Amino acid sequence: MTDPKPAKRVHIKTYGCQMNVYDTERMLETLRPLGYESCDSQDDADFVILNTCHIREKASEKVYSELGRLRVLREEKAQDGKPLMLAVAGCVAQAEGEEILNRAPQVDMVFGPQTYHRLPEFLAKAERDGGSQQIDVDFPIEDKFDVLPRDRDVGGVTAFLTIQEGCDKFCTFCVVPYTRGAEQSRPAAAILEEARLLASKGVREITLLGQNVNAYHGEGPDGREWGLARLARALADVDGIDRIRYTTSHPRDMDRDLIDAHGEVPALMPFLHLPVQSGSDRILAAMNRRHDTDLFRRIVGELREARPDIALSSDFIVGFPGETDLEFAETLKLVTEIGFASSFSFRYSPRPGTPAATLADPVPDAVQSERLSALQQLLEAQQEAFNRSCVDRTMPVLMEKPGRKPGQLVGRSPYLQPVHIDGGSELIGQIVNCRIDALRSYSLFGQISDSPSEERNCA
Ligand code: SAM
Ligand code: SF4
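Now for a quick tour of the structure. Just so we're clear, the structure is a prediction, and the values are computed from it rather than from any experiment. Each chain carries its own residue numbering, running from 1 in the direction its sequence is written. Chain A is the first chain written and ligand 1 is the first ligand written, with later ones labelled in order. The predicted origin of the model limits local features to residues at a pLDDT of at least 70 and limits the giving and counting of side-chain atom pairs to 80 or more, whereas totals for whole chains, interfaces and linings rest on all residues. In computing side-chain values, all of the structure's heavy atoms are included and hydrogens and water are not.

## Re helix α1 (residues 18-31)
Link 1 in the chain: With 14 residues, α1 extends 20 Å from end C-alpha to end C-alpha; this agrees with the ideal 20 Å at 1.5 Å per step.
Link 2 in the chain: Here the term buried applies to any residue with accessible area under 20% of the maximum for its type, exposed to any over 50%, and partly exposed to those in between, with areas from a 1.4 Å probe on protein chains only. Helix numbering and strand numbering both begin at the N terminus, where a helix is a DSSP run of H or I of at least 4 residues and a strand a DSSP run of E of at least 2. Here α1 lies mainly inside the structure; 11 of its 14 residues are buried.
Link 3 in the chain: Within α1, the full set of buried residues consists of M19, N20, Y22, D23, T24, R26, M27, L28, E29, T30 and L31. Each residue after the first adds 1.5 Å to the expected span of a helix.

## Side note on the pattern of salt bridges
Link 1 in the chain: Just to be clear on terms, a salt bridge is a Lys or Arg side-chain nitrogen sitting within 4 Å of an Asp or Glu carboxyl oxygen. The final tally for this structure, using the stated rule, is 39 salt bridges.
Link 2 in the chain: Here D260 makes a salt bridge to R256, at a shortest N to O gap of 2.8 Å. Pair noted here: D260 and R256 are both in helix α9 (residues 256-264), with a separation of 4 residues, about one helical turn.
Link 3 in the chain: Residue classification places D260 among the partly exposed positions, given a relative accessible area of 26%.
Link 4 in the chain: Each of E25, R26, E29, R152, R186 and E194 takes part in salt bridges that share partners, so that together they form one network.

## Describing the site of ligand 1
Link 1 in the chain: By convention in this text, a residue qualifies as near a molecule or strand provided that one of its non-hydrogen atoms is within 4 Å of it. F173, Q211, Q277, D315 and S349 are the nearest of the 16 residues found near ligand 1.
Link 2 in the chain: In protein, a polar contact requires one atom able to donate a hydrogen and another able to accept it; more generally it is a pair of N or O atoms within 3.5 Å, and residues adjacent in sequence count only if both atoms are side-chain atoms. Between ligand 1 and S349 there is a distance of 2.8 Å, counted from a nitrogen atom to a backbone nitrogen or oxygen.
Link 3 in the chain: When residues of the shell around ligand 1 are traced back to their parent elements, those giving at least two are β15 (311-318) and β16 (342-347).
Link 4 in the chain: Three categories are distinguished: nonpolar for Ala, Val, Leu, Ile, Met, Phe, Trp, Tyr, Cys and Pro, charged for Asp, Glu, Lys and Arg, and polar for the others, with Gly belonging to the last. Each residue belonging to the shell around ligand 1 can be placed in one class, and the counts come to 6 nonpolar, 5 polar and 5 charged.

## Things to note about the layout of surface pockets
Link 1 in the chain: Points on a 1 Å grid over protein atoms alone make up a cavity when a 1.4 Å probe fits among them but cannot get out, and a pocket when they form an open set with protein on both sides within 12 Å along at least five of seven lines; lining residues each have an atom within 4 Å of a point. Grid points are joined across faces, edges and corners, and a volume is the space filled by probe spheres set on the points. Considered as a void within the structure, the second largest pocket measures approximately 380 Å³ in volume.
Link 2 in the chain: Along the wall of the second largest pocket there are 16 residues; nearest its centre are K8, Y36, M85, L123 and E127.
Link 3 in the chain: Counting residues per element, the lining of the second largest pocket draws most heavily on helix α4 (residues 119-129), which supplies 5 residues.
Link 4 in the chain: A breakdown of the residues in the lining of the second largest pocket according to their chemical character gives 10 nonpolar, no polar and 6 charged.

## A look at the pairing of strand β18 (residues 408-412)
Link 1 in the chain: The buried fraction of β18 amounts to 4 of the 5 residues, a majority that puts the element mostly inside the structure.
Link 2 in the chain: Strands are labelled as partners when DSSP assigns at least two bridges between them. With 4 bridges joining them, strand β17 (residues 394-402) and β18 adopt antiparallel strand pairing. Following the sheet pairing, K401 is matched in β18 by V410.
Link 3 in the chain: Between β17 and β18, which pair antiparallel and follow one another directly, the connecting turn spans 5 residues, one of which, G407, has a positive phi of 80 degrees.
Link 4 in the chain: Between the antiparallel neighbours β18 and strand β19 (residues 418-422) lie 5 residues, among them L416 with a positive phi of about 70 degrees.

Printed below as a string of structure tokens:
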């Protein structure tokens, strides 16, 4: 009897957002039928894919330093007679295509977020043609979701589910409309089928993903166009799916239906990421955000009315060209007024090809750093206050996995905070009411409680 053919090993390094995490999972699912299994270390791999992010300069520069290290590894492996194939995928691949092949001739293939379903063809061609480099950064006619394997490999109780891709908003600082292309929504039936499959594999919580997820407008099974609210209501009816989240939303697309759904669909978690970017209306206009601070305030007010226990997180950019001290102070004022449970904040990073990259009046580095640190201090204080206000509360926690200590489990609160409790592994996948006793760093610690959870916001 001959030994089975040894599996080939692929290592995918994922940069950037949750959409890239989802794409990485789908790439692995595409490669598995070709005999590839995933490995944790590049040293053990026959194939390394960098699934890249182009959103800020730092993110894309990291890719080139990684490619430098991989060139050395590839040479060492070649000396040992073990070929290593290298691919660059994701948004840097989409934006820089040929330039990657010129700057890093060791790369075998470059493909974008819309063509990774063609991996079997790329690999067959690589085997056939040996050393020739391949590039595919089209926006193809076929829909990758029709070609990707139907089955999903999920091991946990939470999963991402991409429902929408691309963006037509064209904020002046952002590369997404160029790297991910025009807005496209998947049909609701395909999303519901994927959700049912995930539920059958033990998933209890899904996070719906899209660059502009609440602009979702897919074809419904009834032939009509469905918005995100309609889709969320249908997903809440899928047996086994108890929690639904979605990210990233644009304030402009937070319509009445969706706000009402937050009040009416218990599965929609009371935690929403809603990027505002700036507290200055002049800067928001220069960013082409298509919303002002009043619209943002109104939406937050309506959300809080519909779902009083809702908490918010947001994204901020400091040091956009021409931002004055007063305009930055308006951002601090808005943050103080709204109150966020957690947030992401960035220094403005000029991106080639975007309209803002040609604007005059850059904010000096030192001023950007000062503003970022002032904003982050405020946001961190708000996060700490929010987390602290959860102590002595009872809240439903979805238990996800064993903790670091024996007998300990870790789960997530409705607000995505990690919660540690003592309990057996039979609780994994269950939503249990936990009494929160303590906050340490960013984690909550508690114990299973018999009392019902409270329907009130922390803070
Ligand atoms: N679609 C989302 C929205 O409209 O807010 C954001 C998607 S983007 C992947 C995530 C965040 O990166 C943005 O909200 C923004 O704060 C930040 N970002 C995007 N481009 C940036 C740039 N050129 N410089 C600094 N931060 C940037
Ligand atoms: Fe980028 Fe978001 Fe603006 Fe679209 S809406 S251009 S993804 S920041």
